[in-house]
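Topology and contacts: notes
Read off the chains here:
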Amino acid sequence: MDAVTVHRLHFAFTVTFHYLFPQLTMGLALLLLILKTMALRTGGEHYHRAARFWARVFAINFAMGVVTGIPMEFQFGTNWARFSRSAGGVIGQTLAMEGVFSFFLESSFLGAFLFGEKRLGPRAHWVAGFLVFFGSWLSGFFIVATDAWMQHPTGYLLAPNGEIRLQSFWGLLLNPWLLWQYLHNMIGAVVTASFVMAAVGAFYLLSRRHEAYGRTFVRTAVLAGAISSVLMMFPTGDQQGKNVAYHQPVTLAAMEGLFHTVNGAPLAIVGQLDLDAQHLDNPITVPNALSFLTYQRWKAEVKGLDAFPPELWPDNIPLLYYSYHIMVGLGTIFIAVMLLAALWLRRGALYTSRPMLWTLMLALPFPYIATTAGWITAEVGRQPWLIYGILRTPDGTSARISAGSALFTLIGFMGMYALLAILFLFLVTREIDHGPEEL
Amino acid sequence: METIWFCLVAVMIAAYVVLDGFDLGAGILHRFVAKTDAERRAVLASIGPLWDGNEVWLLAGGGTLYFAFPALYASSFSGFYLPLMMVLWLLILRGIAIEFRGHLQGPVWGPLCDSVFCGASALLAIFFGAALGNVVRGVPLDSSGYFFLPLWTDFSLGGDAAVLDPYTVLIAIAAFITLAEHGALWVAYKTTGDLEQRSRRAAGRLWWAVAAMVIVITFTSFRVQPHLGESFRARPWGFVFPLIALAGLILMRRSGLRAFLASSAFLTGMLTSVAFGVYPYVLPSSGDPARSLTIYNAAAARYGLQVGLVWFIPGIALAAGYFVYTYRSFAGKVGEEPWPGK
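Residues numbered from 1 in each chain as written. Chains lettered and ligands numbered in written order. Predicted model: local features only at pLDDT ≥ 70, side-chain atom pairs only at ≥ 80, totals over all residues.

This part covers the overall build of chain B. Of the regular secondary structure elements, chain B holds 13 helices and two strands. Since a compact globule built from 342 residues should have a radius of gyration of about 20 Å, the 20 Å found for chain B is in line with a globular shape. Taking the principal axes of the C-alpha coordinates as reference, chain B spans close to 55 × 45 × 40 Å. Looking at chain B residue by residue over its 342 residues, the buried ones come to 56%. For chain B, the proportion of contacts with a sequence separation of at least 24, taken over those separated by at least 6, is 74%. (Helix = DSSP H or I, 4+ residues; strand = E, 2+ residues; numbered from the N terminus. Rg over C-alpha atoms; globule rule 2.2 N^0.38 Å. Buried ≥ 20, exposed ≤ 12 C-beta atoms within 10 Å, placed from the backbone. Contact = placed C-beta atoms within 7 Å.)

Here you go:
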């Protein structure tokens, strides 16, 4: 493996593992706030206990996000030094703002939220919960702003020495790419948290333990999940797709497996990519649908890969194509599952419908897979660029770090994260097993 | 503008060392001053709600460094590749050990967590010390402003440069002893009974080692990096920083909160002395001096630094506000039972 490949795998592995945790942190922060609000409105112990249970899960998950997050910031300097040096004047802004505005807020009020319920009283405790929610969503904003700038750079100036300088602070923060990417990502976090809460609730109902809490969890999660799954597809996913279509048309062609420019492009639902023969095996397509979704005209022209020189093509088209299709496919299934569950809920049959509860419980891993596939789509789709149109990926690495050094630390992280994963699963299953009842 | 950001980054790093320094120091001493399970839980309770927030200063300091001096961030982080990765692993292990100590009791996992916590804290203090030594000594920057240092070659001074040589090892030992002292004073301030007595005795003994190290590292640092002496000769008002350190060192002989604050002043004085002495360099070159990174050639463009000042000042004031709030809520001595909620 050459050094560039190892550096890419290094970042890909650590960031993929890292983002398993913040997506639940950010989504659960919102659901916790809903439970806390219900507790304030009903005044009973039930919702307080429900919130305390999820706060315990939240704390373990949050700690995992913190310890796996620190390496992300470091890696900009350690493995991607030339990128950091040329772009640090721009993305240093958003990364430093995350540290100053979000991390201090989150860490201070998480302590108050977890340890201070008695001393603070219910209202101040709600405020602490709100600040944790606000801090985590602000953190997400700055990180997505950083990625959005790499996807679609705005507000910058290229200096003669190759340095990329900030020219407009608001140009950076009001990047048109950022709004939809941020909303799409955050609502995705709510989808993950909804499925996790629904799965735990369904588990309690199926195993006939903590059933009052199981019903609360399932009800809250299905309502939040139904709304968020729909918002995931429309408008946020739709708008995000249009961003790609307008600003990265070659990426759109690769995502859709569209080799040739056509009027009235079909939408591939399934099919395996054959790059050499330039066609899809075993395709199931919807005629003209891609043209309509992108340009609102059934016969609009959509550019295929043949419209672009191969050196501008993403360098791993099959991975991009599959991850995009996994994301969209799962997203569609999530809408179906959550809307059906909501319908059952309305008819009063959800808590006793074993097939539905089984579905909710077993659906647990899939939002994580969808989110990961979504980020792979975004980041592999950006290739061969590190900063779209400005800096190619191989030109951003740390030139003095050998492939051997990078592989050593990649293996080290794999070992360390395997340990973390075991500890996390052990602690979380223990909390779930213990349940929300307080002894 | 570059000088303002140099000062702000120095303040962030000093804040990190003072704050995370005491919980690292508490970790180093943990296995030695706390004998029973209850005492060990008390040590952990004294840092339990605080260490995570303290570590945020490292992240925020790193972010600020990245934003203000991207070339420095790129060069130093890639150059110290392996030691930094080890720092990350140690931070992860230490974080897990602290968190799990609250969840897992009993004769097997409790002591394991204690040992990991203790070992990781000690190694982190040593790594941070070595890093500081490297920044003072200088590194072999190439013509494009990068370098790469192995951890060690043959441990000789001035030969083939490595992260560890006699000078940087000396600074590492000094950092280890100083943070152990800082942690001992914190534990003595936060706890009661035998634990307090043992911590105070440990602090008393360590003080002599700290004082001896101060003399040795001051002498050797001026020899290793001549620029330090030039800075103080050119701007004699800079002696105020070593004087703060000296006052802190003397006042550390007192007890309770005062001793801890004196130790904080000592750490701040030492670090600001280094910053003052190194200025305007941020990473001196050990070869051709023209390759050194200074605040001028490592800084981000002017507009970004100006905009940054607008959000940084209120942002960090808010952060300081949260810290005052958190420290006040957890003020006073800890009981020997685990902190509430665990």
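What follows continues from the structure just given.
To continue, consider the overall build of chain A. A count of helical and extended segments in chain A gives 13 helices and eight strands. For a compact globule of 439 residues, the expected C-alpha radius of gyration is about 22 Å, and chain A comes in at 23 Å, within 12% of that figure. With the principal axes as the frame, chain A shows a C-alpha extent of 65 × 50 × 40 Å. A burial count over chain A gives 54% of its 439 residues as buried.

Counting from both sides, the interface comprises 49 residues of chain A and, opposite them, 53 residues of chain B. Those elements that provide at least two residues to the side of chain A that touches chain B are α2 (45–78), α3 (81–115), β2 (164–166) and α13 (403–434) of chain A. Per-element tally for the side of chain A that touches chain B: the top contributor is α3(A), with 24 residues. Considered class by class, the residues forming the side of chain A that touches chain B number 26 nonpolar, 17 polar and six charged. (Nonpolar A, V, L, I, M, F, W, Y, C, P; charged D, E, K, R; others polar.)

Moving on to the nonpolar core. The nonpolar side chains of a soluble globular protein tend to be buried with one another. By size, the foremost hydrophobic cluster in this structure holds 239 residues, and its most contacted members are A:A198, A:A199, A:L360, B:A125 and B:A175. When residues of this core are assigned to their parent elements, the largest contribution, 19 residues, is made by helix α6 (residues 176–206) of chain A. Dropping the residues within four chain positions of it, A:A199 is found in contact with A:L360, A:M361, A:A363 and A:L364. Formed by 27 residues, the second largest nonpolar core is a distinct cluster that contains A:A265, A:L320, A:Y321 and A:M327. (Core = buried A, V, L, I, M, F, W, Y, C linked by C-beta atoms within 7 Å.)

This part takes up the pairing of strand β5 (residues 279–286) of chain A. Pairing between strand β4 (residues 267–274) of chain A and β5(A): six bridges, direction antiparallel. In the strand pairing of β5(A), A:L267 is matched with A:V286. (Pairing = 2+ DSSP bridges.)

Now for the packing of helix α1 (residues 3–42) of chain A against α2(A). Residues and elements named next belong to chain A. Where α1 contacts α2, the two axes come as close as 8 Å, and the packing angle between them is 155°. Of the possible angle classes, the one that applies to α1 and α2 is roughly antiparallel. Crossing handedness for the pair α1 and α2: left-handed. Classifying every residue of the contact of α1 with α2 by side-chain character gives 21 nonpolar, 10 polar and one charged. (Axes fitted to C-alpha atoms, helices over the stretch in contact; angles between N-to-C directions. Parallel < 35°, antiparallel > 145°, perpendicular 65-115°, else oblique. Left-handed = near helix turned anticlockwise from the far one by under 90°.)

A separate point is helix α12 (residues 365–382) of chain A. The end-to-end C-alpha distance of α12(A), which contains 18 residues, comes to 26 Å, matching closely the 26 Å that a straight helix rising 1.5 Å per residue would cover. The buried fraction of α12(A) is high, at 13 of 18 residues. (Expected span 1.5 Å × (residues − 1).)

Each α-helix winds once per 3.6 residues, and so residues spaced three or four apart point in a common direction. Residues and elements named next belong to chain B. With nine of 11 residues buried, helix α2 (residues 37–47) is to be regarded as a mostly interior element. Taken residue by residue, α2 has E39, R40, R41, A42, V43, L44, A45, S46 and I47 as its buried positions. Turning to α2, the residues buried within the fold contact α1 (2–33), α3 (51–68), α5 (81–103), α6 (109–137), α7 (166–190) and α8 (193–224).

Turning to the environment of A:Q167, a few remarks are in order. As for its position among the elements, A:Q167 is in the loop between β2 and α5 (169–173). When the C-alpha atoms of A:Q167 and A:T154 are compared, they prove to be 8.9 Å apart, with 13 residues separating the residues in sequence.

For the rest of this paragraph, the subject is the environment of B:P166. Considering the arrangement of structural elements, one finds B:P166 in helix α7. Sequence separation of B:P166 and B:G133 is 33 residues, and the distance between their C-alpha atoms is 9.9 Å.

This next bit is on the confidence of the model for chain B. Residue and element names in this part refer to chain B. Here chain B averages 85 in pLDDT, and 96% of its residues register 70 or above. No element of chain B has a lower mean pLDDT than α2, which averages 83, and none a higher one than helix α4 (residues 70–79), which averages 90. Ignoring residues within four places in sequence, the model shows residues 336–342, a span with pLDDT below 50, making 15 contacts including any to other chains. (pLDDT = per-residue confidence, 0-100.)

So, about the packing of α6(A) against α12(A). All names here are of chain A. Here α6 crosses α12 at 160°, and the two axes come no closer than 9 Å. With respect to each other, α6 and α12 are oriented roughly antiparallel. Crossing hand, α6 versus α12: left-handed. Residue-level inspection shows G188, V191, T192 and F195 of α6 in contact with α12, the latter providing P367, Y368, T371 and G374. Classifying every residue of the contact of α6 with α12 gives four nonpolar, four polar and no charged.

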